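# Per-entry structural report
Spelled out from the first residue to the last, the chains are:
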Amino acid sequence: MDLFPAGSRPARQGDPNWFTGRVWLDPIMVATAPARNRSIRAIFEPGARTAWHSHPLGQTLYVISGTGLIGVRDAPPQLMRAGDTVWIPPGEEHWHGAAPNAVMEHIAIQEAESGFVTTWMEFVADEEYLMPPG
Ligand code: MN
């Protein structure tokens, strides 16, 4: 059993190659094999979002606070709010982030396949981000 005291593992800012705007990533778990769980808590400032990406084994998002957006290809983004859970299947290209005028905080739970959890793609264009939510 390992207990990781709050604050003992530093938060880091989202890599500007993969995120638009400022995002804080707070580690929850990098499990050792054979477990594959990789979990973080992420806080997006208003307007901040991930680039387009996919996860080899899918991803669960659980919104803790605020108002955010989740987008997939060829569809307007959808609003997500505190208490919402989102499941993104393996390989589905998507992005997630805060709404334009709100902070959003979520827990992101995913599993690593051969040590990797995310395939990164291009940034989300303003025209995609600002499309009225469906
Ligand atoms: Mn994702």
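Since this is a predicted model, take the numbers as computed values, not measurements.

Enumeration according to the criterion identifies four aromatic pairs in this entry. Between W95 and Y129, the aromatic rings sit 5.7 Å apart at their centres with planes inclined by 55°, giving tilted as the arrangement. With W95 in strand β10 (residues 94–98) and Y129 in helix α1 (residues 126–129), this residue pair connects regions lying 34 residues apart in the sequence. With relative accessibility at 2%, the residue W95 sits in the buried group. Residue classification places Y129 among the buried positions, given a relative accessible area of 4%.

Among the structural elements, T50 can be located in strand β5 (residues 49–50). For T50, a relative accessible area of 2% corresponds to the buried category. Non-local contacts of T50, meaning those with residues more than four positions away in its chain, are made with W18, F19, F44, W95, H96, W120 and V124.

Turning next to the pairing of strand β4 (residues 37–44). The pairing of strand β3 (residues 23–30) with β4 spans seven bridges and is classified as antiparallel. Opposite D26, over in β4, you have R41 as the bridge partner. Taken together, β3 and the strand that follows it, β4, pair antiparallel across an intervening segment of six residues.

Taken as a whole and assessed by the stated rule, the structure comprises six salt bridges. Its salt-bridge partner being D26, residue R41 comes within 2.8 Å of it at the nearest N-O pair. Here D26 lies in strand β3 and R41 lies in strand β4, a separation of 15 residues in the sequence. Residue D26 is classed as partly exposed on the basis of its relative accessible area of 23%. Across the pair R49 and D126 runs a salt bridge, and its minimum N-O distance is 2.9 Å. Note that R49 is positioned in strand β5 and D126 in helix α1, a separation of 77 residues in sequence. Residue R49 is classed as buried on the basis of its relative accessible area of 5%. For D126, a relative accessible area of 43% corresponds to the partly exposed category. Connected through shared salt-bridge partners, D26, R41 and E105 make up one network.

Rules used throughout
- Residues numbered from 1 in each chain as written.
- Predicted model: local features only at pLDDT ≥ 70, side-chain atom pairs only at ≥ 80, totals over all residues.
- Heavy atoms only, no water.
- Phe/Tyr/Trp six-rings, centres within 6.5 Å; stacked < 30°, edge-to-face > 60°.
- Helix = DSSP H or I, 4+ residues; strand = E, 2+ residues; numbered from the N terminus.
- Buried < 20%, exposed > 50% of the residue type's maximum accessible area, 1.4 Å probe, protein only.
- Contact = heavy atoms within 4.5 Å.
- Pairing = 2+ DSSP bridges.
- Salt bridge = Lys/Arg side-chain N within 4 Å of Asp/Glu carboxyl O.

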